[in-house]
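Single-letter residue listing:
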Amino acid sequence: MSQRSSAEFFFDPVCPWAWMASRWMRHVEQVRDVDVTWTQMSLAALNEDQDLPADQGELMQTARRYGRVVAAAIREGGDGVALPLYEALGRRIHVEERRDDVEAVCREALTEAGLPASLADAAQDESLDAVLRERRDRVVDLVGADVGTPTISVDGVAFFGPVVTPAPEGEAAPPNVRSTPTEVVASPPPITTGRGSPRFLATVMISSARCAATVPASPRATGPVRAASPEDRALSRLACRSG
């Protein structure tokens, strides 16, 4: 029997690239020997000291409101509520394209996840910003300052990415995360962790020959799979608009 691996997926509800990668990771859970923990990260906290254009600043305020609600929900229901709440939020934000309808989206998603809809009021609770900063700091410690979402840690090795569109399914999902793929379609430059050691995404990238080396502009579009480029990283740090 092969040894099971552990992975941790760091998400921000507003990031479209994290949403697509999460669809990929959910399929990985079905076809590979890996146990995934789903953990909140905050793009709003990551960008709060940045001089952003007005529209991106507004987007980060939206991200902050969602982040506060997720933080309050985890405080209420424990870490196990992170995935069901993220999936309920993600469908409404990215599939139904209702990102700016924060209160209604949060109330519906909380109810779907079996949590009190009243937790949506936490969107205005500034005291939760300290929690968002703690979750940002944890990811920065793992990967370094050049980070965003998605970020994934596999058996203690953390990296920023991948950008996956569309999410591959079944046997098109990645090889066992403990092995080196025989055919890596796209691998990134080394990513430096907070401890200064180079890490490579190649051990978990897609090994299907059907994948190509470019990604379309929209995470909803049909397209191939690759690791995050510098441009993608900038977009995912700001939770780029998906349409």
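These numbers come from a predicted model, not from an experiment.

A look at the nonpolar core
Okay, so step 1: Ranked by internal contacts, the top residues of the largest apolar core, which has 60 residues, are Met25, Leu85 and Leu89.
Okay, so step 2: The greatest single-element share of this core, amounting to 10 residues, is contributed by helix H3 (residues 54-77).

Points about the pairing of strand S2 (residues 34-40)
In the case of a regular strand, side chains alternate between the two sheet surfaces.
Okay, so step 1: For S2, the buried fraction is high: five of the seven residues fall into the buried class.
Okay, so step 2: Here strand S1 (residues 5-11) pairs with S2 via seven bridges, running parallel. The residue of S2 that forms the bridge with Phe11 is Gln40.
Okay, so step 3: Taking the sense of rotation as the criterion, the β-α-β connection linking S1, helix H1 (residues 16-31) and S2 turns out right-handed.

Description of the pairing of strand S3 (residues 151-154)
Okay, so step 1: Residues Thr151 and Ser153 line one face of S3 and the alternating positions Ile152 and Val154 line the opposite face, and both faces are buried.
Okay, so step 2: Strand direction decides the pairing type here: S1 and S3, joined by four bridges, are antiparallel. If you follow Phe10 over to S3, its bridge partner there is Thr151.
Okay, so step 3: In this sheet, strand S4 (residues 157-160) lies alongside S3 in antiparallel orientation, the contact comprising four bridges.

Overview of the sheet that holds S1
Okay, so step 1: Overall, mixed pairing links the four strands, which are arranged S2-S1-S3-S4 in an open sheet. Two strands in the sheet have a free side with no partner beyond their single neighbour: S2 and S4. For this sheet, the mean angle separating the axes of adjacent strands, direction not counted, is 20 degrees.

Overview of the packing of aromatic side chains
Okay, so step 1: One pass over the structure, following the stated rule, counts four aromatic pairs.
Okay, so step 2: With centroids separated by 4.8 Å and ring planes inclined at 40 degrees, the aromatic side chains of Phe9 and Trp38 adopt a geometry described as tilted. Taken together, the positions of Phe9 in strand S1 and Trp38 in strand S2 put the pair 29 residues apart, joining distant regions of the chain.
Okay, so step 3: Under the relative-accessibility criterion, Trp38 is labelled buried at 7%.
Okay, so step 4: Ring plane angle 15 degrees and centroid distance 4.1 Å describe the contact between Phe11 and Tyr86, whose orientation is recorded as stacked. On the criterion of sequence distance, the pair formed by Phe11 in strand S1 and Tyr86 in helix H4 (residues 82-95) is long-range, its members being 75 residues apart.
Okay, so step 5: In textbook terms, an aromatic cluster arises when at least three aromatic residues are bridged by ring pairs, as seen for Phe9, Phe11, Trp19, Trp38 and Tyr86.
Okay, so step 6: Sitting over the ring of Trp19, Arg23 keeps its end group 4.0 Å from the ring centre.

Thoughts on helix H5 (residues 102-112)
Owing to its 3.6 residues per turn, the α-helix aligns residues three or four sequence positions apart on the same side.
Okay, so step 1: Burial in H5 covers these residues: Val102, Val105, Cys106, Ala109 and Leu110. All buried residues of H5 project into a common sector of 125 degrees when viewed along the axis, lining one side.
Okay, so step 2: The elements touched by buried residues of H5 are H3 and H4.
Okay, so step 3: Looking at the residues trailing H5, positive phi occurs at Gly114, about 80 degrees.

Here we look at the packing of H1 against H4
Okay, so step 1: The geometry of H1 relative to H4 is characterised by a closest axis approach of 11 Å and an angle of 125 degrees between their N-to-C directions. Judged by the angle between their axes, H1 and H4 are oblique. Along this stretch, H1 crosses H4, giving a crossing that reads as left-handed. Here Pro16, Ala18, Trp19, Ser22, Arg23 and Arg26 of H1 come into contact with H4, specifically with Leu83, Tyr86, Glu87, Gly90, Arg91, His94 and Val95.

Let's talk about the confidence of the model for the protein chain
Okay, so step 1: With 66% of its residues at a pLDDT of 70 or more, the protein chain shows a mean pLDDT of 73.
Okay, so step 2: Per-element confidence in the protein chain ranges from a low mean pLDDT of 30 for strand S7 (residues 198-199) to a high of 98 for H5.
Okay, so step 3: Predicted confidence for residues 173-243 stays below pLDDT 50, and this span has 183 contacts to residues more than four positions away or in other chains.

As for unusual backbone geometry
With glycine set apart, most residues show a phi of negative sign, and most peptide bonds adopt trans.
Okay, so step 1: Of note, the bond from Thr149 into Pro150 is cis; its omega dihedral lies within 30 degrees of zero at 0 degrees.
Okay, so step 2: Inspection of the secondary structure puts Pro150 in the loop between helix H6 (129-143) and S3.
Okay, so step 3: In the Ramachandran plot, Asp155 falls in the positive-phi region, its phi being about 50 degrees despite a non-glycine side chain.

Some thoughts on the environment of Arg65
Okay, so step 1: Take Arg65: it is sitting in helix H3.
Okay, so step 2: A residue is classified by how much of its surface remains accessible, and Arg65, at 29% relative accessible area, is partly exposed.
Okay, so step 3: Counting along the chain gives 57 residues from Arg65 to Ala122, while the straight-line C-alpha distance between them is 7.8 Å.
Okay, so step 4: Excluding residues within four positions of it along the chain, Arg65 makes contact with Val102, Ala123 and Gln124.

Scoring rules and cut-offs
Residues numbered from 1 in each chain as written. Predicted model: local features only at pLDDT ≥ 70, side-chain atom pairs only at ≥ 80, totals over all residues. Heavy atoms only, no water. Core = buried A, V, L, I, M, F, W, Y, C linked by side-chain atoms within 4.5 Å. Buried < 20%, exposed > 50% of the residue type's maximum accessible area, 1.4 Å probe, protein only. Helix = DSSP H or I, 4+ residues; strand = E, 2+ residues; numbered from the N terminus. Pairing = 2+ DSSP bridges. Right-handed = clockwise from strand over helix to strand, strands pointing away. Axes fitted to C-alpha atoms, helices over the stretch in contact; angles between N-to-C directions. Phe/Tyr/Trp six-rings, centres within 6.5 Å; stacked < 30°, edge-to-face > 60°. Lys NZ or Arg CZ within 6 Å of the ring centre and 35° of its normal. Arc of directions from axis to C-beta. Contact = heavy atoms within 4.5 Å. Parallel < 35°, antiparallel > 145°, perpendicular 65-115°, else oblique. Left-handed = near helix turned anticlockwise from the far one by under 90°. pLDDT = per-residue confidence, 0-100.

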